[in-house]
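Spelled out from the first residue to the last, the chains are:
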Amino acid sequence: MQEKCGFTISPILSENITHMEALFKDCADVVRRRMYIGKNHYPIYALYMDTMINRDLVETDIFKSLMFFMDAVPEENALDYILNYGMITADVSPESDLDKALKNMMSGDTLVFVEGSCDVLTINSKGYPNRGVQSAESEVTLHGPKDSFTESVRFNTVLVRRRIKDYRLKTVQLVKGRRSKTDIAVMYMDDLIRPEILKELQTRLDAFEIDGILDSGSLAQLLEKEWYSPFPQFQTTQRPDKTASALLEGRIVVLADNSPEALILPAVAGCFYQAPDDYYQRWSIACFTRVIRYIASVLAFTLPGLYIAIASFHPEVFPTSLALSFAASRQGVPFPLAVEVLLMELAFELLREAGIRLPVPMGGTLGIVGGLIIGQAAVDANIVSPIVVIIVALTALCAFTIPNEGFASAFRLTKFYIIALSMFLGIFGFVLGVLTLLIHLASLESFGIPYMMPFTASEINGGSDRRDGFFRRPLKRMTLRPVFTRSRARRRLIFKKPEDERGT
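Thresholds applied
- Residues numbered from 1 in each chain as written.
- Predicted model: local features only at pLDDT ≥ 70, side-chain atom pairs only at ≥ 80, totals over all residues.
- Heavy atoms only, no water.
- Helix = DSSP H or I, 4+ residues; strand = E, 2+ residues; numbered from the N terminus.
- Rg over C-alpha atoms; globule rule 2.2 N^0.38 Å.
- Buried < 20%, exposed > 50% of the residue type's maximum accessible area, 1.4 Å probe, protein only.
- Contact = heavy atoms within 4.5 Å.
- Areas by Shrake-Rupley, 256 points an atom, 1.4 Å probe, with all protein chains shown as cover.
- Lys, Arg positive; Asp, Glu negative; His and termini not counted.
- Charge placed at Lys NZ, Arg CZ, Asp CG, Glu CD.
- Pairing = 2+ DSSP bridges.
- Axes fitted to C-alpha atoms, helices over the stretch in contact; angles between N-to-C directions.
- Parallel < 35°, antiparallel > 145°, perpendicular 65-115°, else oblique.
- Left-handed = near helix turned anticlockwise from the far one by under 90°.
- Disulfide = S-S within 2.5 Å.
- Polar contact = N/O pair within 3.5 Å; in protein donor to acceptor, adjacent residues only side chain to side chain.
- Salt bridge = Lys/Arg side-chain N within 4 Å of Asp/Glu carboxyl O.
- Core = buried A, V, L, I, M, F, W, Y, C linked by side-chain atoms within 4.5 Å.

K.L.:
Please give an account of the overall build of the protein chain that cites residues and values.
P.N.:
Each helix and strand in the protein chain was counted, giving 14 helices and twelve strands. Relative to a compact globule of 504 residues, whose C-alpha radius of gyration would be 23 Å, the protein chain shows 30 Å and is clearly more extended. By principal-axis analysis of the C-alpha atoms, the protein chain measures approximately 100 × 75 × 40 Å. Considering the protein chain as a whole, with its 504 residues, one finds that 47% of them fall into the buried category. Partitioning the intrachain contacts of the protein chain with sequence separation of at least 6 by distance along the chain shows that 63% fall at a separation of at least 24. Here the protein chain displays about 25,700 Å² of accessible surface, and carbon together with sulfur accounts for 60% of that area. On the protein chain, the mean spot of the 54 positive side-chain charges and the mean spot of the 56 negative ones are 8 Å from each other.

K.L.:
Account for the sheet that holds strand β4 (residues 110-114), with residues named and values stated.
P.N.:
The antiparallel open sheet is built from five strands, whose spatial order is β1-β2-β4-β5-β3. At either margin of the open sheet sits one strand with a lone partner, and together these are β1 (30-37) and β3 (92-95). Sheet twist, expressed as the mean angle between neighbouring strand axes with direction ignored, is 25 degrees. Examined bridge by bridge, strand β2 (residues 42-49) and β4 share four bridges and lie antiparallel to one another.

K.L.:
If you had to explain the sheet that holds strand β9 (residues 252-256) to someone new, which residues and values would you point to?
P.N.:
Taken in spatial order, the five strands make up an open sheet running β6-β7-β9-β10-β8, and their pairing is antiparallel. Two strands lie at the open edges of the sheet, namely β6 (169-176) and β8 (235-237), each paired on one side alone. Neighbour-to-neighbour, the strand axes of this sheet turn through a mean angle of 25 degrees, independent of strand direction. Contacts between helix α6 (residues 195-205) and the sheet are confined to β6, β7 (182-189), β9 and β10 (262-265), with β9 contributing the most and set at about 30 degrees to the helix.

K.L.:
Got a sec to walk through the packing of helix α9 (residues 283-313) against helix α13 (residues 386-400)? Specific residues and values, please.
P.N.:
In contact at an axis separation of 7 Å, α9 and α13 are set at 155 degrees when each is read in the N-to-C sense. The angle between the axes of α9 and α13 places the two elements in the roughly antiparallel class. The hand of the α9/α13 crossing is left-handed. Here Ala296, Leu299, Ala300, Leu303, Pro304 and Tyr307 of α9 lie close against α13, whose contacting residues are Ile387, Val388, Ile391, Leu394, Thr395, Cys398 and Ala399.

K.L.:
How would you explain helix α8 (residues 240-248) if you had to name every residue and give the values?
P.N.:
It helps to recall that an α-helix has 3.6 residues per turn; residues three or four apart then point in one direction. Of all nine residues in α8, seven are buried; the element is thus mostly enclosed. Where α8 is concerned, the buried positions are Pro240, Asp241, Lys242, Thr243, Ala244, Ala246 and Leu247. Tucked into the core, α8 has its buried residues touching α5 (153-161), β6, β7, β8, β9 and β10.

K.L.:
Could you give an account of the state of the cysteines, naming the residues involved and the relevant values?
P.N.:
Counted under the stated rule, the structure contains zero disulfides. Residue Cys287 stays outside any disulfide, its sulfur separated by 17 Å from that of Cys271, the closest cysteine.

K.L.:
Just give me the short version of helix α2 (residues 55-68), but keep the residues and values in it.
P.N.:
Among the residues of α2, those classed as buried are Leu57, Val58, Ile62, Phe63, Ser65 and Leu66. On its buried side, α2 packs onto β1, β2, α3 (78-85), β4 and β5 (120-123). If you check the start of α2, you find a side-chain oxygen 3.2 Å away from the backbone N of Asp56, and it comes from Asn54.

K.L.:
Please give an account of the pattern of salt bridges that cites residues and values.
P.N.:
For the structure on display, the rule yields 20 salt bridges. Salt-bridge contacts for Lys39 lead to Asp71; the nearest nitrogen and oxygen are separated by 3.7 Å. Of this pair, Lys39 sits in the loop between β1 and β2 while Asp71 sits in the loop between α2 and α3; the two residues are 32 residues apart in sequence, bridging distant segments of the chain. Given the relative accessible area of 65%, Lys39 is considered exposed. Residues Asp50 and Arg55 are paired through a salt bridge, measuring 2.3 Å at the closest nitrogen-oxygen approach. Among the residues examined, Asp50 registers a relative accessible area of 27% and is labelled partly exposed. Classification of Arg55 as partly exposed rests on a relative accessible area of 35%. The network of salt bridges with common partners includes Glu345, Glu349, Arg412 and Lys415.

K.L.:
Summarise the nonpolar core; cite the residues concerned and give the values.
P.N.:
Counting 24 residues, the largest nonpolar core has Leu66 and Ile82 as the members making the most contacts within it. Mapped by element, the contributors of at least two residues to this core are β1, β2, α2, α3, β4 and β5. Broken down by element, this core gets its largest block of residues, five residues, from α2. Those residues in contact with Leu66 that lie beyond four places of it in its chain are Ile37, Gly38, Ile44, Ile82, Gly86 and Met87.

Below you can see the structure in the form of structure tokens.
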């Protein structure tokens, strides 16, 4: 339950002032001032958060107009008179719920208490600082728009509406967090979404209460049903164009204030292989790069375990010359093969984590120089063999080709699961690990949609989802929306006949 302030708005202004002064005691960032407006100096009381408002609007325009250019304020219906004749902005409304008004004030609005009224005027005066619209750092593309989301939920909704100028694009405002009172925006196309998916999202949002939501990542963890799975059930993005594309597919977008990432649902495995570049360049190039991503994702979690299983338990699988080369490279290495691979994998994860935490100029240098120095030194000291360095480096490159970082991290984690089984059970353990992983993925759902779409249950949409699966068909052939859309709104592309073919 949301905590209440325990006070209702009084028609006596002095009582409101006393309560507000006590409520915001030792709050230096809350500006409070009693003023006298109109020709008869009618008393009002204003509150706002310093640096979170548009000062030109509040102090120069509104307060100046009220104090110097307003006629005498009548004692009866004073608030309505000020609202109708004293406000130069249209985004102002009376509010009787003090808790809601205070929440709005701490989000950047200005409150005006008026003598003789049981309501308070709430003026939309948000103007808090932000870093502006910049390029996406985690989803770099060669083609397409370069702008990205910011930490302001209002800026983010505007960036989406700039791309979809349709009245059927709905934005539902929610508040989560007893103390943070974070603004949550749920966006969807009213004529495209499945009502049961929207209802399920609303049920999950109402199912928990928490002190604060500081980022969309925390919100995703609270909304996920299969929380034990390493695979994300939400697709995250910093790109407004990708968000708009998801909305046009009948999916739902959740934006959290103070977070530059949007949550997109439902999310299935095929969505995480799709990059914005795929739809901004020719279909043949998009098909080629997407096939590379799928192959790389398989190698990202199977290559080290497969090497351990074959080299340790079934070396006869290798050709004789290759087996002799591997054996010669391991001469003098004191560790078993599995320990050798684990050491290098953990060393690479350590370098990766250190590169993320260090400042940007140093992080890139550490990743390149540290990897070269440690790898070469480990080989010269006979701690690891050259083939293990090659396999670990190739595995890391494969993981980096996956467009979604959360999905790539799941493969990085399952890689150690495959390695552990291959260490003890050989090729049987490797096959067992891959099978259990596939069974787990097949059992997952994202808001009722099978996680392995479009590779399983593709007949639900007449097989059209496969046109944007392993391969990407030409845009002219992708005439139907994916299975996320309600069944009666699947058509998204219609070709009109030329004038000479239409007839009379």
